Amino acid sequence: MSKLTEAEFESVDGILKKLPPDDYEKVRRVLYGNETSELELPEKAESLAKSFDFELASCKFNCEKEELRAPRIVRVGLFQNKIPVAPTEPLIKQRDAFHKMAEEAIQTAAAAGVNIFCFQEAWNMPFAFCTKEKLPWTEFAEPAENGPTTLFLGQMAKIHNMVIVSSILERDEIHGDTVWNTAVVIDNHGDYLGKHRKNHIPRIGDFNESSYYFEGNTGHPVFETEFGRIAVNICFGRHHFLNWMMFGINGAEIVFNPSATIGGISEPMWGIEARCYAIANNYYTCAINRIGTEVFPNEFCSGDKKPAHKEFGHFYGSSYVSAPNGSRSQGLSRTKTGLLIAELDLNLCRQARDKWCFQMTQRLDMYAESLQRAVKLDYVPQIIRK
Ligand SMILES: NC(=O)NCCC(=O)O
């Protein structure tokens, strides 16, 4: 079933581009908004991507020049990947393979001038929560501040003067060895800047992660980096509009959404959600999804009356970037490991705010007061009846 799905088609954009050019341009404008262009990437980036067998795509968003503020140009790199070796391999072999793949991706991103690089959710392990088994999978959990992956990426960040957002399974050794789903932000000097723990934990289909970790307790941090103010809304958090809103209220200019999701659950929503909240909050959003079908050693059930199985569907990639004015990049492939480079001018956030006045018209005080009442046990919904 999933093999068939994987082979189904390469990308939505690939199909759209089969339209006659005039028709394509009309459809593109309505579906994707303001025109964007491709970047001219250095030959080195192209040849590295080719040698590592990644798709390499790019997008530049247009922004008006201002007289009093200089442009604030930032390049982001979104990396979507298959697992490089099977989940049946020894863990150390798996971890080394993930790190090798990361090094190749970051090297390629550096050659393309990337300032901020972001991985998909739990990028350095198979997405094994569907199995409901603890060992060996919880062995992948490591301290956010100084675990082997953070230390390794710290070196990469320093060498390449790049901020790196690394979404991993965290082991909090100080607080009872608890496990969390966490995004670690490493600054461009290679130092740990901070972390954010996934706020909303799915309980849908095989995405039943709640027996591994609890809902995050780190609020909605925005990380001030040399390349702009960034935040991370991890996977299932993208369905929660208040989650997105709080990152905006705290001043985010780019919100990354590292994800792991399969076609059977979310594909029709994928292109809408991160883009919708870029519009609502007038910041850039970067949605990154993993790729491929992961086959686990033991069968597991999905609670859907179907026979037990060893995999739960195809992760469809399709990573993309949306701008504060609603325009968006094309998506990466549904089937290939890939790197999307997008050039953003952060001035567009304020330009979109001045145009649409969403912040001025949003009436937060009214909703704060209504929500205060709505969460009370004795709340009576405001319904008018005859
Ligand atoms: N990893 C994760 O939260 N997946 C949930 C499925 C979805 O939100 O599409």
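One can find the structure itself at the top, above this paragraph.
What you are looking at is a predicted structure, and each value in this text was computed from that prediction instead of being measured.

Criteria and cut-off values
Residues numbered from 1 in each chain as written. Predicted model: local features only at pLDDT ≥ 70, side-chain atom pairs only at ≥ 80, totals over all residues. Heavy atoms only, no water. Phe/Tyr/Trp six-rings, centres within 6.5 Å; stacked < 30°, edge-to-face > 60°. Buried < 20%, exposed > 50% of the residue type's maximum accessible area, 1.4 Å probe, protein only. Lys NZ or Arg CZ within 6 Å of the ring centre and 35° of its normal. Pairing = 2+ DSSP bridges. Helix = DSSP H or I, 4+ residues; strand = E, 2+ residues; numbered from the N terminus. Axes fitted to C-alpha atoms, helices over the stretch in contact; angles between N-to-C directions. Contact = heavy atoms within 4.5 Å. Disulfide = S-S within 2.5 Å. Near = heavy atom within 4 Å. Polar contact = N/O pair within 3.5 Å; in protein donor to acceptor, adjacent residues only side chain to side chain. Salt bridge = Lys/Arg side-chain N within 4 Å of Asp/Glu carboxyl O.

(A) Focus on the packing of aromatic side chains. All chains considered together, the criterion is met by 21 aromatic pairs. Both rings, one in Phe 119 and one in Trp 123, keep their centres 4.0 Å apart while their planes meet at 10°; by these two values the pair is stacked. The residues Phe 119 and Trp 123 share a single accessibility class, namely buried. Ring centres 6.4 Å apart and planes at 65° place the aromatic pair Phe 296 and Phe 300 in the edge-to-face group. Since its relative accessible area comes to 5%, Phe 300 is described here as buried. A cation sits over an aromatic face here: Arg 328 above Tyr 320, 4.1 Å from the ring centre. Note that Arg 334 overlies the ring of Phe 9, its terminal NZ or CZ placed 4.1 Å from the centroid.

(B) Up close: the sheet that holds strand β10 (residues 223–225). Spatial ordering of the open sheet is given by β10-β11-β12-β13-β16, a layout of five strands whose pairing is mixed. Where the open sheet ends on each side, the last strands, each with one partner, are β10 and β16 (320–322). Strand-to-strand, the axes of this sheet are offset by a mean angle of 25°, without reference to chain direction. Here strand β13 (residues 284–288) runs beside β16; their pairing, made up of three bridges, is antiparallel. In the sheet register, Thr 285 faces β16, and the bridge partner there is Ser 322. This element, helix α8 (residues 263–281), spans β12 (254–258), β13 and β16 of the sheet and lies at about 30° to β16.

(C) Examining the state of the cysteines more closely. Scanning the model with the defined rule gives zero disulfides in all. Just so you know, Cys 118 is unpaired, no disulfide at all, and the nearest cysteine sulfur is the one on Cys 286, 7.4 Å from it. Considering cysteine sulfurs only, Cys 349 is the nearest to Cys 357, which forms no disulfide, with 15 Å between them.

(D) Region of the structure containing the site of the ligand. Glu 121, Lys 198, Arg 238, His 239 and Thr 261 are the nearest of the 13 residues found near the ligand. In the environment of the ligand, an oxygen atom lies 3.4 Å from a nitrogen or oxygen atom belonging to the backbone of Phe 236.

(E) Geometry of the pattern of salt bridges. In this structure the tally under the stated criterion is 22 salt bridges. For Lys 93, the salt bridge goes to Glu 89, with nearest N and O atoms at 3.2 Å. Assessed through its relative accessible area of 42%, Lys 93 is described here as partly exposed. Owing to a relative accessible area of 28%, Glu 89 belongs among the partly exposed residues under this scheme. Of the charged contacts in the structure, one is a salt bridge between Glu 170 and Lys 195, with a shortest N-O distance of 2.7 Å. One end of the pair, Glu 170, is in strand β5 (residues 163–172); the other, Lys 195, is in strand β7 (residues 192–197), and 25 residues separate them in sequence. Note on accessibility: Glu 170 and Lys 195 belong to one class, buried. Connected via shared salt-bridge partners are Glu 145, Glu 170, Asp 172, Lys 195 and Arg 197.

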